[in-house]
Amino acid sequence: MAYNFKIIEDCLKCTFREQRLFCDLSREALLKLQNIKATSVYPKGALLCLEGQPPRGVFVLCTGRAKLSTTSSEGKSMILRIAEPGEVLGLTAAVSGTPYEATVETLETSQANFISQTEFLRFLQDFPDVGLRVARQLTHNCKCAYGEIRSLALSNSVPEKLAKLILQWAEHPLEMPGKRPYETAIRVTLTQEEIAQLTGTSRETVSRVLSSFRKKSWIKVKGATWTILNRQALEGLVTT
Amino acid sequence: MNTPPLQSESANELYASLPPELRTELAHYEQSVTVPEGTNLIKRGVLPDQLVIVNSGKVEITFDCVRESVSVDCAAEGKVFGMRAVVSGELPEADVTSQESCHVTLIPRNAFLGVVRQHPQMYFAIAKILSSDLVMAQRLLKTSLRRRASKGAGGPLVRWPH
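Rules and cut-offs
- Residues numbered from 1 in each chain as written.
- Chains lettered and ligands numbered in written order.
- Predicted model: local features only at pLDDT ≥ 70, side-chain atom pairs only at ≥ 80, totals over all residues.
- Heavy atoms only, no water.
- Helix = DSSP H or I, 4+ residues; strand = E, 2+ residues; numbered from the N terminus.
- Buried < 20%, exposed > 50% of the residue type's maximum accessible area, 1.4 Å probe, protein only.
- Contact = heavy atoms within 4.5 Å.
- Areas by Shrake-Rupley, 256 points an atom, 1.4 Å probe, with all protein chains shown as cover.
- Rg over C-alpha atoms; globule rule 2.2 N^0.38 Å.
- Lys, Arg positive; Asp, Glu negative; His and termini not counted.
- Charge placed at Lys NZ, Arg CZ, Asp CG, Glu CD.
- Phe/Tyr/Trp six-rings, centres within 6.5 Å; stacked < 30°, edge-to-face > 60°.
- Lys NZ or Arg CZ within 6 Å of the ring centre and 35° of its normal.
- Salt bridge = Lys/Arg side-chain N within 4 Å of Asp/Glu carboxyl O.
- Axes fitted to C-alpha atoms, helices over the stretch in contact; angles between N-to-C directions.
- Parallel < 35°, antiparallel > 145°, perpendicular 65-115°, else oblique.
- Left-handed = near helix turned anticlockwise from the far one by under 90°.
- Nonpolar A, V, L, I, M, F, W, Y, C, P; charged D, E, K, R; others polar.
- pLDDT = per-residue confidence, 0-100.
- Buried area = accessible area lost by both parts, 1.4 Å probe.
- Polar contact = N/O pair within 3.5 Å; in protein donor to acceptor, adjacent residues only side chain to side chain.
- Arc of directions from axis to C-beta.
- Pairing = 2+ DSSP bridges.

Student: Could you give me a rundown of the overall build of chain B, with the residues and numbers involved?
Tutor: Scanning chain B from N- to C-terminus turns up 4 helices and 8 strands. In sequence order, the secondary structure elements of chain B are arranged as α-β-β-β-β-β-β-α-β-β-α-α. Taken over 162 residues, chain B has a buried fraction of 49%. At a minimum sequence separation of 6, the contacts of chain B that also span at least 24 residues come to 73%. Per element, the accessible surface of chain B, about 7200 Å² overall, is 48% carbon and sulfur.

Student: How would you sum up the overall build of chain A? Please name residues and give values.
Tutor: Scanning chain A for helices and strands turns up 8 helices and 11 strands. A compact globule built from 240 residues would reach a C-alpha radius of gyration of about 18 Å, and chain A, at 19 Å, matches this within 12%. Projected onto its principal axes, the C-alpha positions of chain A cover 55 × 45 × 30 Å. Residue burial in chain A is summarised as follows: out of 240 residues, 52% are buried. Pairs at least 24 apart in sequence give 69% of the contacts found in chain A among residues at least 6 apart. For chain A, the distance from the average position of its 31 positive side-chain charges to the average position of its 24 negative side-chain charges is 5 Å.

Student: Please give an account of the packing of aromatic side chains that cites residues and values.
Tutor: All names here are of chain A. The tally for this structure, following the rule as stated, stands at 7 aromatic pairs over all chains. Through a chain of ring-to-ring contacts, three or more aromatic side chains come together here, namely Tyr42, Phe59 and Phe114. The cationic tip of Lys216 hangs over the ring face of Trp218; the distance from NZ or CZ to the ring centre is 4.6 Å.

Student: How would you explain the pattern of salt bridges if you had to name every residue and give the values?
Tutor: Going through the model one piece at a time under the given rule, you end up with 16 salt bridges over all chains. Close ionic contact of A:Glu119 with A:Arg122 constitutes a salt bridge, the shortest N to O distance being 3.7 Å. Residue A:Glu119 and its partner A:Arg122 are located together in helix α3 (residues 117-126), separated by 3 residues, close to a single helical turn. Given the relative accessible area of 27%, A:Glu119 is considered partly exposed. When the shortest N-O distance is used, the salt bridge between B:Glu90 and A:Lys143 registers 3.7 Å. On the criterion of chain membership, the pair formed by B:Glu90 in the loop between α2 (83-88) and β7 (94-98) and A:Lys143 in helix α4 (residues 128-154) is interchain, its members lying in two chains. Residue B:Glu90 is classed as partly exposed on the basis of its relative accessible area, which comes to 23%. Each member of the salt-bridge network shares a partner with another, and the members are A:Glu51, A:Glu101, B:Arg139 and B:Lys142.

Student: Outline the packing of helix α1 (residues 20-27) of chain B against helix α3 (residues 109-118) of chain B, supporting the account with residue identities and numerical values.
Tutor: Between two packed helices, what matters for the description is the angle formed by their axes and the separation of those axes. All names here are of chain B. The interhelical angle for the contact between α1 and α3, taken along N-to-C directions, is 150°, at an axis separation of 10 Å. By the angle between their directions, the pair α1 and α3 is classed as roughly antiparallel. As α1 packs across α3, the resulting crossing turns out to be right-handed. Between α1 and α3, the residues in contact are Leu22, Glu25 and Leu26 and Phe112, Val115 and Gln118, respectively. Taken together, the residues of the contact of α1 with α3 break down into 4 nonpolar, 1 polar and 1 charged.

Student: Hey, could you go over the confidence of the model for chain B for me, with residue numbers and the actual values?
Tutor: All names here are of chain B. Per-residue confidence for chain B gives a mean pLDDT of 82, with 81% of residues at or over 70. Throughout residues 1-8 the model reports pLDDT below 50, and contacts reaching past four residues in sequence, or to other chains, amount to 13 contacts. Below pLDDT 50 for its whole length, residues 153-162 participates in 31 contacts with residues either more than four positions away or in separate chains. Prediction confidence for the complex, expressed as pTM and ipTM, is 0.80 and 0.79 respectively.

Student: A description of the side chain of A:Ser69 should follow, citing residues and the corresponding values.
Tutor: All names here are of chain A. Relative to the elements of secondary structure, Ser69 occurs in strand β4 (residues 66-71). Residue Ser69 is classed as buried on the basis of its relative accessible area, which comes to 8%. Every residue in contact with Ser69, bar those within four places of it in the chain, is listed here: Glu51, Ser77, Met78, Ile79, Leu80, Ala102 and Thr103.

Student: Mind laying out the interface of chain A and chain B, listing which residues take part and the relevant values?
Tutor: Facing the 41 residues of chain A at the interface are 35 residues of chain B. Of the roughly 3900 Å² buried where chain A meets chain B, counting both sides, 68% is carbon and sulfur surface. The salt bridge partner of A:Glu101 is B:Arg139, with a shortest N-O separation of 2.9 Å. For the pair chain A and chain B, the number of links is 4 residue pairs in polar contact (both at pLDDT 80 or more).

Student: An account of α3(A) is requested, with residue identities and associated values reported.
Tutor: Looking at α3(A), one finds that the buried residues are A:Gln117, A:Phe120, A:Leu121, A:Phe123 and A:Leu124. Buried residues along α3(A) cover an arc of 160° about the axis, so they all sit on one side.

Student: Tell me about the sheet that holds strand β11 (residues 225-228) of chain A, and name the residues and values.
Tutor: Residues and elements named next belong to chain A. Pairing in this open sheet of 3 strands is antiparallel, and the strands run β9-β11-β10 from one edge to the other. Only two strands of the sheet have a single neighbouring strand rather than two, namely β9 (184-187) and β10 (219-222). Across the sheet, the axes of successive neighbouring strands diverge by a mean angle of 20°, strand direction being ignored. Two elements, β9 and β11, share 4 bridges in a ladder whose sense is antiparallel. Its bridge partner lying in β11, Ile186 is registered against Trp226. This element, helix α5 (residues 158-169), spans β9, β10 and β11 of the sheet and lies at about 100° to β11.

Student: Could you give me a rundown of the sheet that holds β4(A), with the residues and numbers involved?
Tutor: Residue and element names in this part refer to chain A. Taking strand neighbours across the sheet as the criterion, the 4 strands line up as β2-β7-β4-β5 in an open arrangement whose pairing is antiparallel. What marks the edges here is a single partner per strand, and that holds for β2 (47-49) and β5 (77-83). The average undirected angle you get between the axes of adjacent strands in this sheet is 30°. Strand direction decides the pairing type here: β2 and strand β7 (residues 103-106), joined by 2 bridges, are antiparallel. Within β7, the residue paired with Leu47 across the bridge is Glu105. Strands β4 and β5 of the sheet are contacted by helix α6 (residues 192-199), whose axis makes an angle of about 90° with β5.

Right, here's the structure in full:
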């Protein structure tokens with residue numbers, strides 16, 4: 001196995017299907033999906049689509065994570081959100097025929113299934129359950145976007161924003177044998193620069209705040225594995 | 001088949017993606033009204049009883065950002081509001097208020113959902129509307145991030161025009 005995950009070629013045999021927002025489709029729809037998708041594995045840092053580019057199609061993220069970013073007028077990159085497995089990327093552009101709203105870049109080695117815009121729209125029209133799934137994902141994304149806007153307006157301090165982010169990541173903990181019951185391990189593949197882009201601050205500030213969290217023994221950082229040692233302390237920072 | 005002209009057929013974003021027979025079916029439930037300036041057509045946090053289709057006139061969309069109200073966009077004829085709330089039961093995030101006298105078509109939520117259940121192919125049209133709503137939210141998020149980035153994290157809260 002060249003990658004640290006098994007490549008899922010056949011959507012009908014995918015064991016994650018039922019947990020995913022988009023993929024839990026009828027057998028007929030899955031058979032069609034199997035015919036129209038092109039499976040690829042992308043290395044970390046691969047650009048799936050570029051903000052402002054006319055839509056070519058959608059990417060169903062099967063494994064790995066990707067960052068959705070935009071650029072400020074000063075050329076500064078800002079992360080809108082992190083996409084998780086099971087998400088359809090480039091959805092609004094493909095459905096509404098408008099340019100891609102964000103640049104999508106893989107954060108780790110990822111598998112994604114590409115479906116051309118024409119095929120995807122036909123798929124959406126021919127299979128009502130696909131339409132229902134797409135509507136659910138759009139609804140979910142819209143809710144997340146409004147949540148982010150609120151969060152940006154509310155969180156004034158960087159420690160609060162970082163605490164919120166860490167607690168958010170802790171919703172998907174890593175299985176770690178030997179960890180104490182009160183500890184939560186998470187895998188963080190973002191660089192400090194990317195965390196800064198995600199929280200609207202500078203890399204230096206992120207570094208300073210994380211260092212203070214470590215000194216207070218609230219978290220432990222070992223490479224990409226972070227361990228939350230004092231969840232209560234982090235929760236105490238979050239006022240909203 | 002000759003389809004009778006419908007009141008709200010004039011290129012609204014929902015009907016534009018529906019076949020004539022479905023437009024006719026929905027027309028049975030339509031109620032057309034003229035509302036005066038300042039009417040709150042969709043109220044944030046309140047599940048709407050109906051879909052609102054703007055046939056003429058302008059409406060303003062405002063988002064409550066906790067400490068301030070953000071004017072997100074203005075929309076005119078053809079725009080459909082309340083879709084996300086009607087199909088998912090999620091409470092609306094924004095207020096939609098008429099900026100002038102507006103002619104609107106209302107389709108009751110339960111009637112609309114009944115037609116969708118009978119004709120699930122309508123999800124294609126629904127997805128298009130939800131998609132344009134998401135584009136609007138994403139643009140607001142980008143503006144919000146850009147303003148914050150230009151002011152610095154420790155700076156004052158983003159100031160939005162009222």
